[in-house]
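Read off the chains here:
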Amino acid sequence: MADKKVGGNNDGKEKRRKESILDLSKYLEKQIRVKFAGGREASGILKGYDALLNLVLDNTVEYLRDSDEPYKLTEDSTRSLGLVVCRGTALVLICPQDGVESIANPFITQ
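Summarised in this report is the structure supplied together with it. If you're wondering where the values come from, they're calculated on a predicted model, not measured in any experiment.

So, how was this worked out
- Residues numbered from 1 in each chain as written.
- Predicted model: local features only at pLDDT ≥ 70, side-chain atom pairs only at ≥ 80, totals over all residues.
- Heavy atoms only, no water.
- Core = buried A, V, L, I, M, F, W, Y, C linked by side-chain atoms within 4.5 Å.
- Buried < 20%, exposed > 50% of the residue type's maximum accessible area, 1.4 Å probe, protein only.
- Helix = DSSP H or I, 4+ residues; strand = E, 2+ residues; numbered from the N terminus.
- Contact = heavy atoms within 4.5 Å.
- Pairing = 2+ DSSP bridges.
- Salt bridge = Lys/Arg side-chain N within 4 Å of Asp/Glu carboxyl O.

**Examining the nonpolar core**
Where a protein is soluble and globular, its nonpolar side chains tend to be buried together.
So, point 1. Counting 12 residues, the largest nonpolar core consists of Leu24, Ile32, Val34, Phe36, Ala42, Leu46, Leu53, Leu55, Leu57, Val84, Cys86 and Leu91.
So, point 2. Listed by contribution, the elements that provide at least two residues to this core are β1 (31-36), β2 (41-49), β3 (55-65) and β4 (73-86).
So, point 3. Considering each element in turn, this core owes the most residues, three residues, to β1.
So, point 4. Those residues within four positions of Cys86 in sequence are excluded, and the remaining contacts are Phe36, Leu53, Asn54, Leu55, Leu57 and Leu91.

As structure tokens, then:
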């Protein structure tokens, strides 16, 4: 009798809570950098997240792209966005800001 479910039209299926595949708790209140599908990049202080990897960033700065080369970011031209909610389905990359540096493309022969 203890296995009997009360109410609902569940058809014997238990409702499972979605679990995040990443543990972002160690990055809370720290500066992170995110890359979005489509090429946009931003950095900010991680204030919160959920199981679907929706992020809340504060003091967010977007890195603008070069108008001549759409995939090249210009580090010196940025725009301040403030408090931002980043949708998890649009995220491609999440990394800590500390230790990030640009390198030359090793696959281009010069």
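**Some points on the pairing of β1**
The side chains of a regular strand alternate, residue by residue, between the two faces of the sheet.
So, point 1. One ladder, built from five bridges, connects β1 with β2; its direction is antiparallel. In the strand pairing of β2, Ile32 is matched with Gly44.
So, point 2. In this structure, the hairpin formed by β1 and β2 is closed by a connection of four residues, where Gly38 is found at a positive phi of approximately 105°.

**Focus on the pattern of salt bridges**
Between side chains of opposite charge, a pair can form when the charged atoms approach closely.
So, point 1. Inspection of the entire model under this criterion finds five salt bridges.
So, point 2. In this structure, Lys47 engages Glu29 in a salt bridge whose closest nitrogen and oxygen atoms are separated by 3.0 Å. Within this pair, whereas Lys47 is found in strand β2, its partner Glu29 is found in the segment before β1, the two being separated by 18 residues in sequence.
So, point 3. For Lys47, a relative accessible area of 38% corresponds to the partly exposed category.
So, point 4. When the shortest N-O distance is used, the salt bridge between Glu62 and Arg40 registers 3.7 Å. Placement of the pair is Glu62 in strand β3 and Arg40 in the loop between β1 and β2, with a sequence separation of 22 residues.
So, point 5. Among the residues examined, Glu62 registers a relative accessible area of 7% and is labelled buried.
So, point 6. Looking at Arg40, the relative accessible area reads 45%, which means it is partly exposed.
So, point 7. In this structure, a network of salt bridges that share partners links the residues Arg33, Lys35 and Glu41.

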